[in-house]
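Coordinates in review
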Amino acid sequence: MASDAWQGHNFAALFSILVAGAATVLGLTAYLCSRFTRQARRRYTPFAVWRDLSLATAAVAIALYLWGCLHVLFLEDQEQAEECERQRPEGTPTLVGLRGDFIPLRLVCEASDGRDYSIVIPDYINPTVAILLLLTLACALTSALLHHKQRTTTRKEG
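A brief look at the structure comes next. (Residues numbered from 1 in each chain as written. Predicted model: local features only at pLDDT ≥ 70, side-chain atom pairs only at ≥ 80, totals over all residues. Heavy atoms only, no water.)

**Overview of the overall build of the protein**
Our working rule: We count a stretch as a helix when DSSP gives it H or I for four or more residues in a row; a strand needs E for two or more, and each element gets its number in order from the N terminus. Note on method: radius of gyration uses C-alpha positions; expected globular size equals 2.2 Å times residues raised to 0.38. Burial status follows relative accessibility: with a 1.4 Å probe on protein chains alone, a residue under 20% of its type maximum counts as buried, one over 50% as exposed, and anything between as partly exposed. Residue contacts are defined here by distance: any two heavy atoms, one from each residue, within 4.5 Å place the two residues in contact. Each accessible area value is a Shrake-Rupley result obtained with a 1.4 Å probe; residue values ignore everything except the protein chains displayed when judging cover.
What the protein contains, in helices and strands, is 5 helices and 3 strands. Scaling as 2.2 N^0.38, a compact globule of 158 residues should have a C-alpha radius of gyration of about 15 Å, whereas the protein reaches 22 Å, well beyond that. Projected onto the principal axes, the alpha-carbon positions of the protein cover approximately 75 × 35 × 25 Å. Evaluated residue by residue, the protein yields a buried proportion of 30% over its 158 residues. For the protein, the proportion of contacts with a sequence separation of at least 24, taken over those separated by at least 6, is 62%. As presented, the protein carries roughly 10200 Å² of accessible surface, and 63% of it is formed by carbon and sulfur atoms.

**A word on a negative patch on the surface**
Going by this rule: Surface patches are drawn from residues lacking salt bridges whose relative accessible area is over 30%; two like charges belong together within 9 Å, two nonpolar side chains (Val, Leu, Ile, Met, Phe, Trp, Tyr) within 5 Å. By salt bridge we mean one thing: a side-chain nitrogen of Lys or Arg within 4 Å of a carboxyl oxygen of Asp or Glu. Charge assignment: positive for Lys and Arg, negative for Asp and Glu; neither His nor the chain ends contribute. Lysine's charge is taken at NZ, arginine's at CZ, aspartate's at CG and glutamate's at CD.
A cluster of acidic residues, Glu76, Asp77, Glu79 and Glu82, forms a negative patch on the protein surface. On the basis of relative accessibility, which here comes to 56%, the residue glutamate 76 falls in the exposed class.

**Section: the pattern of salt bridges**
Taken as a whole and judged by the stated rule, the model has 9 salt bridges. Where arginine 86 meets glutamate 83, a salt bridge forms, and the shortest distance between an N and an O atom there is 3.6 Å. On the criterion of helical spacing, the pair formed by arginine 86 and glutamate 83 is a turn pair, its members being 3 residues apart in helix H4 (residues 77-86). Owing to a relative accessible area of 57%, arginine 86 belongs among the exposed residues under this scheme. Put simply, aspartate 101 and arginine 99 hold a salt bridge, and the shortest N to O gap is 3.5 Å. By sharing partners, the salt bridges in this structure join Arg99, Asp101, Arg106, Glu110 and Asp116 into a single network.

**Let's talk about the pairing of strand E3 (residues 116-119)**
The condition that has to hold: Here, a strand pair is defined by DSSP locating no fewer than two bridges between the strands.
Burial of the side chains of E3 is restricted to one face: Tyr117 and Ile119 are buried, whereas none of Asp116 and Ser118 on the reverse face is. Of the strand pairs in this sheet, strand E2 (residues 106-111) and E3 are connected by 4 bridges, and their pairing is antiparallel. Bridge pairing in E3 places glutamate 110 opposite aspartate 116. From the end of E2 to the start of E3, which pair antiparallel, there are 4 residues, and glycine 114 there has a positive phi angle of about 95°.

Don't take any of this as a statement about function, it's just geometry.
The structure is reproduced here in structure tokens:
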């Protein structure tokens, strides 16, 4: 069975990502908002601040990725092909296919000479998501190190 050369993102996968991502962002936002209560602020420790910063950057990264997914969701297959044709670089021969990638998020038009180019997804989405995920990892590691340091100090004192 040959694969269709003109296939974008799988709608079921795209819709599932949007639903799960929206639920995750809402959950993280609710949790982070709960951290602003008076009782929560009194119990703040350095590792908790870094943990919450890590969760906040993760939420922003997910929200930005979902924003990119929405760009794809609202385009019909015919509109995607038309957009490929409209944004075709000068000197690019006929288009032979279209594919959708989730990581990195992109919609790629394929030309007969083997070159391809990305359309629809804003150029800032993937680099910003990558930077935010690296920042999330750095904050999470800092939080874990501070938590470990606090626990070992508490055990030695006790």
